[in-house]
Amino acid sequence: MKNKKPLLFSPGAWICGILDHRFEVSQNITEHIKEYKCTRCGVEMTDTAQGFMARLTPKFKETNEFLANFYRRRCSRLKYEKEALSKAS
């Protein structure tokens, strides 16, 4: 006997298929890269390097985490250097 996958009916996915997704920003990675989530069906998307939106795959999620950490460290370092220069003058 074959194991059948249960049919998953989602009214939100059906509405998004006809009308379109309603995305909201779920996380700011940098000033230019953000992660989005559809409020109706829950699909997650992210910005790509070319400026398009793509589904948030595990590879994109890992890349975004690395970028967020790098960007956060860079911003804190620049803020510290700016404070040090202003104290020196």
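Above this text you will find the structure in question.
All figures in this text were calculated on a predicted structure; none of them were measured in a lab.

Brief notes about the overall build of the protein
When you go through the protein residue by residue, the secondary structure sums to two helices and four strands. Residues counted as buried form 19% of the 89 residues belonging to the protein. Counting only contacts in the protein whose residues sit at least 6 apart along the sequence, the fraction spanning at least 24 positions is 21%. Only carbon and sulfur atoms are counted for the fraction: they give 57% of the accessible area of the protein, which is about 7,900 Å².

What to know about the environment of Phe23
Tracing the backbone through its elements, the reader meets Phe23 in strand S1 (residues 23–28). The spatial distance from the C-alpha of Phe23 to the C-alpha of Met45 is 8.5 Å, given a sequence separation of 22 residues. Non-local contacts of Phe23, meaning those with residues more than four positions away in its chain, are made with Tyr36, Lys37, Cys38, Val43, Met45 and Met53.

Side note on the pairing of strand S2 (residues 34–38)
Side-chain positions along a regular strand alternate between the two faces of the sheet. With five bridges joining them, S1 and S2 adopt antiparallel strand pairing. Considered in S2, the bridge of Phe23 is made with Cys38. Here S1 folds back onto S2, and the loop between the two strands holds five residues. Two strands pair when backbone bridges link them, and S2 and strand S3 (residues 44–47) are joined in this way by three bridges, in the antiparallel orientation. Paired with Tyr36 across the two strands is Met45, which belongs to S3. Where S2 folds back on S3, the antiparallel hairpin that results is connected by five residues, among which Gly42 adopts a positive phi of roughly 85°.

What counts and what doesn't
Residues numbered from 1 in each chain as written. Predicted model: local features only at pLDDT ≥ 70, side-chain atom pairs only at ≥ 80, totals over all residues. Heavy atoms only, no water. Helix = DSSP H or I, 4+ residues; strand = E, 2+ residues; numbered from the N terminus. Buried < 20%, exposed > 50% of the residue type's maximum accessible area, 1.4 Å probe, protein only. Contact = heavy atoms within 4.5 Å. Areas by Shrake-Rupley, 256 points an atom, 1.4 Å probe, with all protein chains shown as cover. Pairing = 2+ DSSP bridges.

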